[in-house]
Amino acid sequence: MSQDIFHVLRSDQFDRSFLDELYEITNKLRKLARTKKGNDYLQTLISDKRAILYFTQPSTRTFLSFLNACQILGIQTSEIRDPNTSSEIKGETADDAIRTFSSYVDLIIMRSPRAGLADKIAKLLDETPRRVPVINGGSGKDEHPTQALLDIYTLRRSFGKSGGDIDGKSIAMVGDVCRGRTVRSLSRLMRHFEGAKVYFVSPDTLKIGDDLREDLKKNNVAFEETTDFENIIPVVDAIYMTRIQDEHDKDGESKHIDYSKFHFTYDHLKVLKKDAIIMHPLPRRKEIDVKVDADPRAKYWRQERNGMWTRVALIAKIFGIDKDITKPYGI
Ligand code: NCD
């Protein structure tokens with residue numbers, strides 16, 4: 001039996017069968033969307049639904065991929081990107097503002113600088129007569145579950161033509177692994193892959209937090225922490241680069257960190273395994289030399305597009321139309 005899903009709040013809520021099923025839907029969707037007939041069909045499936053995108057923290061990819069995912073399924077959307085344009089400026093709490101959305105829409109997709117806000121809102125809505133699913137599109141330093149879904153999809157697709165396995169593979173997560181929510185959400189999903197190993201590669205001051213360390217130990221995820229990027233590059237099957245998350249600085253402390261040791265350079269391509277891949281949730285600063293983009297092992301642009309399709313599949317799961325996708329036209 002596959003897992004039903006309502007709210008999407010944290011990556012540890014997904015089990016392995018959910019991942020397998022989601023990616024099957026994703027692959028099927030991509031095939032359907034190759035033709036106009038398929039696209040027209042997809043647009044009819046939940047054209048009676050409405051969604052709001054409440055993104056009060058900067059976003060390009062997550063916002064646009066969710067917006068386009070809604071459009072692919074014919075969902076009508078509205079958006080708030082700046083709390084100064086909502087009644088929050090009149091002193092309304094975010095909780096009340098979001099509860100208001102639930103009066104108008106069937107799905108809330110939200111990103112917030114506040115850790116745990118999506119969880120809180122989901123709980124609050126669960127106690128109201130009009131329960132609406134909440135998707136967390138990034139909550140502070142805490143979680144980014146849908147990024148983890150698209151990252152796993154990218155890893156699987158890259159490791160083999162028909163969806164290779166992550167079992168036994170090693171991945172280096174590089175950079176600000178302390179404050180990067182994508183790192184937290186993705187590393188938590190590694191528990192589903194036997195023999196997989198994570199190397200957290202970061203400056204000493206940006207190591208993973210105790211809560212994540214304990215969580216990974218509890219769930220038997222093999223991991224190592226190191227500051228030595230150079231020696232890790234030739235060893236791993238995937239490199240997951242991240243930007244320094246200086247928006248979370250208390251007092252400009254990131255300026256004193258030498259981040260250049262955690263940059264992937266053109267020369268690093270020579271020592272990277274032939275079939276290894278390079279990922280990045282983006283946006284990038286200088287963590288990856290732009291000359292690396294042309295190498296077939298660079299998967300970050302593909303990762304963006306994978307994000308849109310996995311989000312379409314996720315919304316389809318939430319609204320229970322996944323069978324209409326895996327067995328389209330009632331066949
Ligand atoms: C990330 C985020 O917002 O957490 N980007 C994304 O959603 N693709 C990573 C980042 O901002 O560095």
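Whatever comes next refers back to the structure up there.
What comes next concerns the included structure. (Residues numbered from 1 in each chain as written. Predicted model: local features only at pLDDT ≥ 70, side-chain atom pairs only at ≥ 80, totals over all residues. Heavy atoms only, no water.)

## Overview of the nonpolar core
Note that soluble globular proteins tend to have their nonpolar side chains buried in a common cluster. With 67 residues, the main nonpolar core has Leu-155, Met-190, Phe-200 and Ile-315 as its most contacted residues. The biggest single contributor to this core is helix 11 (residues 300-318), with eight residues. Per-domain counts for this core show at least three residues from each of domain 1 (11-143 + 305-329) and domain 2 (145-303). Dropping the residues within four chain positions of it, Met-190 is found in contact with Ile-152, Leu-155, Ile-166, Ile-171, Ala-196, Val-198 and Val-221. (Core = buried A, V, L, I, M, F, W, Y, C linked by side-chain atoms within 4.5 Å. Buried < 20%, exposed > 50% of the residue type's maximum accessible area, 1.4 Å probe, protein only. Helix = DSSP H or I, 4+ residues; strand = E, 2+ residues; numbered from the N terminus. Domains from an automatic or database assignment. Contact = heavy atoms within 4.5 Å.)

## Here we look at helix 5 (residues 117-126)
Given 3.6 residues to a turn, an α-helix orients residues that are three or four positions apart in the same direction. For helix 5, the complete set of buried residues consists of Leu-117, Ala-118, Asp-119, Ile-121, Ala-122 and Leu-125. At its buried positions, helix 5 is contacted by helix 4 (94-104), strand 3 (107-112) and strand 4 (134-139).

## A short note on the site of the ligand
All residues in the neighbourhood of the ligand are listed as Thr-62, Arg-111, His-144, Gln-147, Arg-181, Thr-182, Arg-243, Gln-245, Pro-281, Leu-282 and Pro-283. The side chain of Arg-181 places a nitrogen or oxygen atom 2.7 Å from an oxygen atom of the ligand. A distance of 2.9 Å separates an oxygen atom of the ligand from a polar side-chain atom of Gln-245. In the complex, 93% of the free accessible area of the ligand, which totals 320 Å², lies under the protein chains. Looking at the shell around the ligand residue by residue, the classes come out as three nonpolar, five polar and three charged. (Near = heavy atom within 4 Å. Polar contact = N/O pair within 3.5 Å; in protein donor to acceptor, adjacent residues only side chain to side chain. Areas by Shrake-Rupley, 256 points an atom, 1.4 Å probe, with all protein chains shown as cover. Nonpolar A, V, L, I, M, F, W, Y, C, P; charged D, E, K, R; others polar.)

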